[in-house]
Amino acid sequence: MACITNCKIVAHQEVAPDHRRIVLDAPDIAADARPGQFCMIEVREGSSPFLRRPMSIERIFDDGISILYKAMGEGTRMMASIPTGAYINVQGPLGNIFPIESDTVRSILVAGGIGIAPLIGLAEAIIARGARAPEVILAARTECLLLCEKELSQMGCAVTLATDDGSAGFKGFAADALRLLDPDSKTLVYTCGPNVMMRAVYDVCAAADTRCYASLEAVMACGDGVCMGCVVETNAENEFAKMARVCREGPVFDARVIRWNAFD
Amino acid sequence: MACITNCKIVAHQEVAPDHRRIVLDAPDIAADARPGQFCMIEVREGSSPFLRRPMSIERIFDDGISILYKAMGEGTRMMASIPTGAYINVQGPLGNIFPIESDTVRSILVAGGIGIAPLIGLAEAIIARGARAPEVILAARTECLLLCEKELSQMGCAVTLATDDGSAGFKGFAADALRLLDPDSKTLVYTCGPNVMMRAVYDVCAAADTRCYASLEAVMACGDGVCMGCVVETNAENEFAKMARVCREGPVFDARVIRWNAFD
Amino acid sequence: MPVNLQIDLGGLTMKNPVTVASGTFGYGAEYADYFDVSQLGAVTVKSLSLEPRSGNVPPRIVETPSGMLNAIGLQNVGMETYLREKLPFLREKKCVIIANIYGSGPEAYASLASRLEAEGGADAIEANLSCPNVHDAQNARGGSLVAQHPDQVALYTQAIREATKLPVFIKLSPNVTDIVEPALAAQEAGADAVSLINTLIGMAIDSETRKPRISNIVGGLSGPAIRPVALKMVWDVSRALHIPVLGMGGIATADDAVQFLLAGARAVAIGCASFRNPDAALKVVQGIENYCQQHGISDVNELVGAVKL
Amino acid sequence: MPVNLQIDLGGLTMKNPVTVASGTFGYGAEYADYFDVSQLGAVTVKSLSLEPRSGNVPPRIVETPSGMLNAIGLQNVGMETYLREKLPFLREKKCVIIANIYGSGPEAYASLASRLEAEGGADAIEANLSCPNVHDAQNARGGSLVAQHPDQVALYTQAIREATKLPVFIKLSPNVTDIVEPALAAQEAGADAVSLINTLIGMAIDSETRKPRISNIVGGLSGPAIRPVALKMVWDVSRALHIPVLGMGGIATADDAVQFLLAGARAVAIGCASFRNPDAALKVVQGIENYCQQHGISDVNELVGAVKL
Ligand SMILES: Cc1cc2nc3c(=O)[nH]c(=O)nc-3n(C[C@H](O)[C@H](O)[C@H](O)COP(=O)(O)OP(=O)(O)OC[C@H]3O[C@@H](n4cnc5c(N)ncnc54)[C@H](O)[C@@H]3O)c2cc1C
Ligand SMILES: Cc1cc2nc3c(=O)[nH]c(=O)nc-3n(C[C@H](O)[C@H](O)[C@H](O)COP(=O)(O)OP(=O)(O)OC[C@H]3O[C@@H](n4cnc5c(N)ncnc54)[C@H](O)[C@@H]3O)c2cc1C
Ligand SMILES: Cc1cc2nc3c(=O)[nH]c(=O)nc-3n(C[C@H](O)[C@H](O)[C@H](O)COP(=O)(O)O)c2cc1C
Ligand SMILES: Cc1cc2nc3c(=O)[nH]c(=O)nc-3n(C[C@H](O)[C@H](O)[C@H](O)COP(=O)(O)O)c2cc1C
Ligand code: FES
Ligand code: FES
């Protein structure tokens, strides 16, 4: 059940240029949260910024959660300036979850940049289920934006790095790195990152008959399914279902239902 | 000359319930400021609150100024939460000044509540001119809201306290306390506080043929004389001058020019 | 001191003068996690059309200073799914229901209203004649809104009035020279109340891509930014009409709501403020009661139109 | 890369497309402490009337979410004092001057325009037909604004057009159903450009005293809050007219200004954003130049109307 609480910031640190991790004391949210879900964060009081900011739950602890985010615009830059020890108003957990199947033989997580955020908790959960540690493709523009490599290795994940500029690991795109890992119909791929990347990842999966779950982003107002603002186009026949809410039907979608060419 | 600078907050403390003093590192403003003037303070970035907040300059130091304020509404409460060491954007000095005459035989400052703020610097300046230390009437609702008594006594001012509830000093209004001090035509009275108080003070002065300068407040947008928003009604004949800008023609007015009954 | 919060909005009895604005509260159940929505004077549901609608292509929303633009395009489940899947929750909770409806042409509104009445799907009808985000030819006279044409407002109101005995509220647009004209037209044609305001038409452009930030190019502006405009229109209309006004537009707190009551609104609706704080409407109910208590007001109706000039 | 910032606004050459909005920059000299105001494309002065005006009784302004309401009531020094006391500074600084004028009836506007031309008091005339805060009977048709009546706009424009050879800009009101109508009327009657938008009419009430926060009861809403509405109207008008548009309403940054250019404004005016940051207009000039440089645009005119649909 979603709730709204003032959470104490237990830690708040830079992890890469413009990227920060915030750890929140949020037992109520943690109690219900599962990998794939997100929160809506009030970056400050007052009417501007007017809307909360959606942020994936990175990890779920006994008494709180962590969030990994990129300070890019007005709201996230304000967030970045809130000191440890201060309180922040958080609504969550919201949205659906990554499906985890205990009989999955092989799973591959494909993250583009900050897209790794929801996949960390997923990796933990897969391992906690006793399944094989997922392989992870971490892709980014350049080396210093490859996040969480250490954490993932420590969990036992085989991590493939991919950078656009070749500054670390494979030089090229995440989808190409995925193709090299040769996924098959028994593999489960989970992906989060820029739409172009996820689309290419899905194309690789479709060709290999691999199931693929994608965690999508959209500008959100309510996060609760009431405003109909955050939709993405789907392949559904039903008129109402042609547009699916990222906050309610998602953020995690079976990649087959998404009309990927709508993002062109 | 007015300027706009990011000022470091050197100190920021509560001086009474909901009342705080902020000391700013602001050499450019201090260099030009004179008693009676004010600043426009940006309480935070972003479009809300949209306007700066006008605040009297309490004291002027070599390298900065202090401000004494009451946290009452949205903007001042935000101000109250800014920590020492942070920066705040300040525009000033603005407005006119208290006229000080070196041959003044006797001056009396009449302050209501937070109205003491601009009068502290005035007392200092009068003393610095070599004139007799002003007498001061500090009036407030109740004892704990009588501000700066110690500072004023240390400067050599004879301080009369007046409280509405009689919890300290004279029980009654500032104007009554003033009447007891028996001002005459050679006395100069300076006053700042609620309009009703200043009006009563002026009535006492008018009856005693005492000159009286009042520092007024008005809701301000620009603080620079361009918006025409902050006017008070005057007794002027000239059509344009019937409305005087508190930020430009004031904040200090010869009490005779003000149409006091317009505040009813 | 006990305070009477009950009001009568054009024949609809509400236990307090607070509802939510259509399209900002789904069908009530979505916010049930946060509070008991039956504590509100009424729940106003998202505009219902006869058939399900998929709405506009995304992006549909963008934040603006103290507000937001939206161009949802009335995506909704349609009347039948509403009756089957959404209504039971509201009935079970004993919510007072204001069903907002949208159709192409007066007949569609009339069918929606009569079907709702027949199925017990509403306690009052609010006809949205003012959505800036749909492009149905029948509704438009040169691309404009029904609510921009008093004569059209009269036609639509009449059709709905004849179709139902439920209280009928007509929802008006602020995008007019003088909002009193369509309001009067609604009153003369038999409306029981008018709801105002819908959103102001606005636009935002991404200077990097040079594209409008909303795929529909323009959208409707809501939120605290528009509150002064809404308050002024409520004041104008409530002085000119004898039927009551349901006021909305940027209300986020009880203080905002009290301003609307003072300006003449009989009741208020909380709109996109719920997105930020799902329980905003409940807090407004509580805050109005506190305000009355603190100001010695025993009946909230005393506040209506009590601005001192 | 050198960027051409010069534009032509209906016959007025401006070295960059940025001016200030009337009533938010005094007569220029007030802000000379902060920067050299001649760096702006033009300085637009506070509305001038033939005689000095004392304006409305205070309180005249109140802050609102991301904006403010004002009901100054056009307090100004009057034409003769302007020419004697305010003009010399602007001329000495070699500012391009847009003189905004306000009068009771077409004749008053005509006299103001011809006197300004005769005295070299302006490089262009901007006629304020849209101030919501004055109550002169001659201007009103049932309390409404000239700019709300296309036929009246035509009459006034014609009178001014006949009185002067200076470029004539007509300043329009957003408080209309369709802003294209008065804009077209102005164009047909000989205007060289239209300025939009003036303020949206709004209201705020003090719930403690129950009194309106502005003595005039209603006031004009300005600031970032109204930017989406202004941008939409600029987009509408610039597509419908062949004369250029001077866009304004909530512009605070260069990014905002670029949005207005993309929507079709030939030039922009910075209004109440100057209250917060007196050098806001200068920063906008610099920011537009940066934007052009970063985007490989050699002439700012290329941006005008270049929104991608
Ligand atoms: C379900 C979900 C989970 C997310 N998880 C994360 C995360 O874990 N870490 C992280 O860094 N970011 C995440 N994002 C993206 C994050 O919400 C945006 O980066 C953030 O809202 C930008 O706000 P801003 O004020 O800094 O940017 P601005 O550009 O100032 O924002 C303006 C508006 O655009 C919206 N917006 C801008 N970019 C995005 C975006 N990419 N997605 C959605 N809305 C956007 C903002 O919410 C706001 O309404 C997530 C988004 C969604 C929908
Ligand atoms: C020249 C001048 C000097 C001042 N000096 C001081 C001082 O030294 N110390 C101090 O505590 N206060 C001073 N004030 C009053 C101070 O500006 C207000 O208390 C403050 O603006 C309130 O802001 P807020 O956001 O907390 O209140 P809110 O009620 O949230 O403010 C809403 C709006 O009303 C305006 N406003 C509210 N009260 C006043 C007021 N009394 N005067 C002017 N505008 C008001 C605000 O500026 C804002 O625009 C001075 C005012 C003026 C004009
Ligand atoms: C996302 C969104 C969707 C809306 N959908 C509808 C709708 O379906 N029907 C309707 O009559 N009004 C709709 N509105 C308008 C609101 O009901 C309300 O009139 C408007 O938002 C002003 O109120 P506010 O500023 O409090 O949000 C919608 C508003 C928003 C923000
Ligand atoms: C305090 C104030 C005074 C104004 N005075 C005038 C005026 O005298 N003449 C005029 O044409 N517009 C006047 N305006 C309107 C502005 O010129 C401008 O059209 C409006 O404020 C919208 O722009 P903004 O949101 O950038 O301020 C005034 C606006 C404000 C805020
Ligand atoms: S954000 Fe409102 S429906 Fe998804
Ligand atoms: S605050 Fe603008 S003129 Fe005084």
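Residues numbered from 1 in each chain as written. Chains lettered and ligands numbered in written order. Predicted model: local features only at pLDDT ≥ 70, side-chain atom pairs only at ≥ 80, totals over all residues. Heavy atoms only, no water.

Q: Can you help me understand the site of ligand 2 in this one?
A: Ligand 2 sits among 20 residues. The nearest are Arg53, Pro54, Gly75, Thr76 and Glu217 of chain B. Nearby residues around ligand 2 are contributed by chains B and D. Within the backbone of Gly73 of chain B, one N or O atom sits 3.0 Å away from an oxygen atom of ligand 2. When ligand 2 sits alone it has 830 Å² of accessible area, and the protein chains cover 84% of it. Contributing elements (two or more residues each) for the shell around ligand 2: β4 (53-56), β6 (64-70) and α2 (74-80) of chain B. Counting residues per element, the shell around ligand 2 draws most heavily on β4 of chain B, at 4 residues. Across the shell around ligand 2, the residue classes break down as 11 nonpolar, 4 polar and 5 charged. (Near = heavy atom within 4 Å. Polar contact = N/O pair within 3.5 Å; in protein donor to acceptor, adjacent residues only side chain to side chain. Areas by Shrake-Rupley, 256 points an atom, 1.4 Å probe, with all protein chains shown as cover. Helix = DSSP H or I, 4+ residues; strand = E, 2+ residues; numbered from the N terminus. Nonpolar A, V, L, I, M, F, W, Y, C, P; charged D, E, K, R; others polar.)

Q: Even after reading the chapter, I still don't get the pairing of strand β14 (residues 267-270) of chain D, so can you show me in this structure?
A: Regular strands have side chains that alternate between both faces of the sheet. All names here are of chain D. Taking every second residue as pointing to the same face, both faces of β14 are buried, with Ala267 and Ala269 on one and Val268 and Ile270 on the other. As paired strands, strand β3 (residues 18-20) and β14 are joined by 3 bridges and run parallel to one another. Note on β14: the bridge partner recorded for Thr19 is Ala269. Sheet topology places strand β13 (residues 245-248) next to β14; 3 bridges connect them, and they run parallel. Within the sheet, the bridge partner assigned to Met248 lies in β14 and is Ala269. Following the chain from β13 across helix α6 (residues 254-263) to the adjacent parallel β14, one finds a crossover that is right-handed. (Buried < 20%, exposed > 50% of the residue type's maximum accessible area, 1.4 Å probe, protein only. Pairing = 2+ DSSP bridges. Right-handed = clockwise from strand over helix to strand, strands pointing away.)

Q: How should the interface of chain C and chain D be read in this particular structure?
A: Many structure descriptions define interface size as the accessible area lost when the parts assemble. The partner chain D presents 44 residues to the 44 residues of chain C that form the contact. Contact with chain D buries area across many residues of chain C, yet Met203, Ile205 and Arg210 of chain C alone supply 18% of it, more than any other trio. One can count 0 salt bridges joining chain C with chain D. For the pair chain C and chain D, the number of links is 14 residue pairs in polar contact (both at pLDDT 80 or more). At the level of elements, β11 (200-203), β12 (218-222), α5 (227-240) and α6 (254-263) of chain C are the ones that each hand at least two residues to the side of chain C that touches chain D. (Contact = heavy atoms within 4.5 Å. Buried area = accessible area lost by both parts, 1.4 Å probe. Salt bridge = Lys/Arg side-chain N within 4 Å of Asp/Glu carboxyl O.)

Q: Quick question: what am I supposed to make of the environment of Phe253 of chain B here?
A: All names here are of chain B. Within the secondary structure, Phe253 sits in strand β16 (residues 252-254). It is 6.3 Å that separates the C-alpha atoms of Phe253 and Ser215, two residues lying 38 residues apart in sequence. With residues up to four places along the chain from it excluded, the contact list for Phe253 reads Cys212, Tyr213, Ala214, Leu216, Val232, Ala244, Arg245, Val246 and Ile258.

Q: Teacher, can you tell me more about the side chain of Asp206 of chain D here?
A: All names here are of chain D. Turning to its location among the elements, Asp206 is positioned in the loop between β11 (200-203) and β12 (218-222). Look at Asp206 and you get buried, because its relative accessible area is 18%. Those residues in contact with Asp206, other than ones at most four positions away along the chain, are Lys211 and Arg213.

Q: I would appreciate a short explanation of the sheet that holds strand β10 (residues 193-196) of chain C in the present structure.
A: Sheets are built from strands paired through backbone hydrogen bonds, the pairs being either parallel or antiparallel. Residue and element names in this part refer to chain C. With respect to topology, 8 strands assemble into an open sheet ordered β3-β14-β13-β10-β9-β8-β7-β4, the strand pairing being parallel. Looking along the sheet, the strands with just one partner apiece sit at the ends: β3 (18-20) and β4 (43-48). The mean angle between the axes of side-by-side strands here comes to 25°, regardless of whether they run parallel or antiparallel. Two elements, strand β9 (residues 168-171) and β10, share 3 bridges in a ladder whose sense is parallel. Counted as the bridge partner of Ile170 is Val194 from β10. Lying on the sheet, helix α3 (residues 150-163) is in contact with β8 (124-128) and β9; it crosses β9 at an angle near 155°. (Axes fitted to C-alpha atoms, helices over the stretch in contact; angles between N-to-C directions.)

Q: Please explain the environment of Ser144 of chain C as it appears in this structure.
A: Residue and element names in this part refer to chain C. When you line up the elements, Ser144 lands in the loop between β8 and α3. Ser144 gets classed as buried once you look at its relative accessible area, which sits at 16%. A polar atom in the side chain of Ser144 sits 2.7 Å from the side chain of His149.

Q: Help me understand the packing of helix α1 (residues 79-92) of chain C against helix α2 (residues 106-118) of chain C, please; the structure alone is not making it clear to me.
A: How two helices pack is summed up by the angle between their axes together with the distance between the axes. All names here are of chain C. One way to put it is that α1 packs onto α2 with a least axis distance of 11 Å and a crossing angle of 20°. In terms of axis orientation, α1 runs roughly parallel to α2. Handedness of the crossing formed by α1 with α2: right-handed. Each of Met79, Glu80, Tyr82 and Leu83 in α1 lies in contact with α2, whose residues at this interface are Leu112, Arg115 and Leu116. Across the contact of α1 with α2, the residue classes tally to 5 nonpolar, no polar and 2 charged. (Parallel < 35°, antiparallel > 145°, perpendicular 65-115°, else oblique. Left-handed = near helix turned anticlockwise from the far one by under 90°.)

Q: Sorry, what's going on with the site of ligand 3 here?
A: For ligand 3, the set of nearby residues contains 25 residues, the closest of which are Ser22, Ser47, Lys171, Gly223 and Gly250 of chain C. Proximal residues around ligand 3 fall on chains A and C, making this an inter-chain site. The backbone of Ser22 of chain C places a nitrogen or oxygen atom 2.7 Å from an oxygen atom of ligand 3. Surface burial for ligand 3 is 98%, taken as the share of its 600 Å² of free accessible area covered by protein chains.

Q: Hey, could you run me through the environment of Met78 of chain A in this one?
A: Residue and element names in this part refer to chain A. The residue Met78 is located in helix α2 (residues 74-80) in this model. Taking the relative accessible area as the measure of exposure, Met78 reaches 14% and is therefore buried. On a C-alpha basis, the gap between Met78 and Pro49 in space is 9.6 Å, while along the polypeptide they are 29 residues apart. Look past the residues within four positions of Met78 in its chain and what remains in contact with it is Val43, Arg44 and Pro49.

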